[in-house]
Amino acid sequence: MSGSDARALSRSLLDLCRMRKLTIATAESCTGGLVAGALTDIPGSSDVIDRGFVTYSNEAKRAMLGVKASTLSTFGAVSKETATAMAIGALEKAGVDLAVSITGIAGPGGATPGKPVGLVHFAVASRDGKILHREFRFGAIGRTTVRQRSVVEALRMLMELARGPQAPVKPPRQTMSRLRPRVARTPRRSAVKRRRPSRT
């Protein structure tokens, strides 16, 4: 993933949000503001981008985004639960339509048992209550590459939620037969008259 990928995605996302009148906030840990930077690098982004939170420490996540201390102590900073809380916190604090969060281990250090270098959690939250979470394990591909790929994935997730629900595909129309379908009828009673017994 290159910088041109992030730039193209940023342009497409901003155009879509302008069309749908959506605003965005970002909450970033391991990317340190790179998502907000990619979006605000595009001229005219101020009508979509409201603000960006760079919450590198746990204290910043608590103070700026309202992530609970119990969430951080139980699940850790790099977790689905923390990423989700960060996205919801950014959405509520900024009062925007969409918010994205990123928290991960870019490396080269910082790995813990079960949480290797290259593990990144993403979450996107929308004003209508939708929340999307994804976990990526990029591997030890280098700090810069992990951060660059994280920016692209975050933009893709924002784009997914910004598009909104897709219209259901209509099933193809079946050719209607001109003949009227037969209606099952109950069999009629036998029309044969019962003979009366002859009188002798």
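This text follows the structure it describes.
Note that this is a predicted model, so its numbers are computed, not measured.

Among the secondary structure elements, aspartate 97 is positioned in the loop between helix H5 (80-94) and strand E3 (98-104). Counting along the chain gives 30 residues from aspartate 97 to arginine 127, while the straight-line C-alpha distance between them is 4.9 Å. The residues touching aspartate 97, leaving out its near neighbours within four places in the chain, are Lys21, Leu22, Thr23, Leu91, Ala125, Ser126 and Arg127.

Under the counting rule described, the total for this entry stands at two aromatic pairs. Aromatic side chains phenylalanine 136 and phenylalanine 138 sit 5.4 Å apart centroid to centroid with 10° between the ring planes, which places their arrangement in the stacked category. Put simply, the rings of Phe122, Phe136 and Phe138 pair up and form one aromatic cluster.

A separate point is helix H6 (residues 143-163). Relative to the 30 Å expected for 21 residues at 1.5 Å per residue, H6 spans 31 Å between its end C-alpha atoms, a close match to the ideal helical length. All of the buried residues along H6 are Val146, Ser150, Val151, Val152, Glu153, Ala154, Leu155, Met157, Leu158, Met159, Leu161 and Ala162. Note on H6: the residue one or two positions beyond its end, glycine 164, has a positive phi of about 80°.

What follows is about the packing of helix H3 (residues 58-65) against H5. Where H3 contacts H5, the two axes come as close as 9 Å, and the packing angle between them is 35°. Crossing angle aside, the handedness with which H3 passes H5 is left-handed. Contacts between H3 and H5 involve Lys61, Met64 and Leu65 from the former and Thr82, Ala85, Met86, Gly89, Ala90 and Lys93 from the latter. Residues that form the contact of H3 with H5 fall into these classes: five nonpolar, two polar and two charged.

Scanning the entire structure with this criterion turns up ten salt bridges. Of the charged contacts, one joins arginine 134 and glutamate 160 as a salt bridge, the two residues approaching to 2.8 Å between their closest N and O atoms. With arginine 134 in strand E5 (residues 131-137) and glutamate 160 in helix H6, this pair connects stretches of sequence that are 26 residues apart. Looking at arginine 134, the relative accessible area reads 28%, which means it is partly exposed. Note that arginine 137 and glutamate 135 form a salt bridge whose closest N and O atoms lie 2.8 Å from each other. Judged by relative accessible area, which is 52%, arginine 137 ranks as exposed. Taken together, the salt bridges that share partners define one network made up of Asp15, Arg18 and Asp47.

Calculation notes
- Position numbers for residues start from 1 in each chain and track the written sequence from start to end.
- Local features in this predicted model are restricted to residues whose pLDDT is 70 or higher, and side-chain atom pairs enter the listing and the counts only when it is 80 or higher, whereas totals over whole chains, interfaces and linings include all residues.
- Based on all heavy atoms of the structure, the side-chain values leave hydrogens and waters out of the count.
- Every helix listed is a DSSP run of H or I at least four residues long, and every strand listed is a run of E at least two residues long, numbered separately from the N terminus.
- Any two residues having at least one pair of non-hydrogen atoms within 4.5 Å are treated as being in contact.
- Only rings of Phe, Tyr and Trp enter the pairing, Trp through its six-membered ring, and a pair is recorded when the two centres are within 6.5 Å. The plane angle decides the type: under 30 degrees is stacked, over 60 is edge-to-face, the rest tilted.
- By definition here, a helix of n residues has an expected span of 1.5 Å times n minus one.
- Think of it in three bands: with a 1.4 Å probe and only protein chains considered, a residue is buried below 20% of the maximum accessible area for its type, exposed above 50%, and partly exposed in between.
- Orientation is described by axes fitted as lines to C-alpha atoms, over the contacting stretch for helices, and by angles from 0 to 180 degrees between their N-to-C directions.
- What makes a crossing left-handed is the near helix being turned counterclockwise from the far one by less than a right angle; a clockwise turn instead makes it right-handed.
- Each residue gets one of three labels, nonpolar for Ala, Val, Leu, Ile, Met, Phe, Trp, Tyr, Cys and Pro, charged for Asp, Glu, Lys and Arg, and polar for the others, Gly among them.
- In the sections that follow, a salt bridge refers to a side-chain nitrogen of Lys or Arg positioned within 4 Å of a carboxyl oxygen of Asp or Glu.

Such coordinate-based values are descriptive only and should not be taken to indicate function.
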